[in-house]
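# Per-entry structural report
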Amino acid sequence: MLMDNPWLTVATVVTVGVLRLMGDVIRWLAARSGERLRARTLAELVGRTAPGTVLTDRRPDGAALTIRRRAEERDGGDRGE
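Residues numbered from 1 in each chain as written. Predicted model: local features only at pLDDT ≥ 70, side-chain atom pairs only at ≥ 80, totals over all residues. Heavy atoms only, no water.

## Some points on the side chain of Asp57
For Asp57, the position within the fold is in strand S1 (residues 54-58). Within the structure, the side chain of Asp57 is placed 3.0 Å from the side chain of Arg59, a separation counted as a polar contact. Here Asp57 is in contact with Arg38, Leu42, Ala63, Ala64 and Leu65, once residues within four sequence places are set aside. (Helix = DSSP H or I, 4+ residues; strand = E, 2+ residues; numbered from the N terminus. Polar contact = N/O pair within 3.5 Å; in protein donor to acceptor, adjacent residues only side chain to side chain. Contact = heavy atoms within 4.5 Å.)

Shown next, in the form of structure tokens:
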């Protein structure tokens, strides 16, 4: 029955392709959002620690993000605060 109408076949193939592409885009956006959240969380944790603290977020895939808190950041530093 699907082969009786070639436009229906084309529409079905295009729809399946678009849905797969949308799924890939949604997964990519979710991963990107997750990375931003992890980075913000790490930065917030460092902001609540003592001067000289170093935090590193190591991932199973080998990637790592390291944030170091400078001593002058604790007391306002040279920013005129």
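## A few points about helix H1 (residues 6-47)
Taking 1.5 Å of rise per residue, 42 residues should cover 62 Å, and H1 covers 62 Å from first to last C-alpha, within 8% of that figure. Along H1, the residues that are buried comprise Gly23, Leu42 and Val46. Those residues of H1 that are buried lie in contact with S1 and strand S2 (64-68). With a side-chain oxygen lying 3.1 Å from the backbone nitrogen of Trp7, the N-terminal cap of H1 falls on Asn5. (Expected span 1.5 Å × (residues − 1). Buried < 20%, exposed > 50% of the residue type's maximum accessible area, 1.4 Å probe, protein only.)

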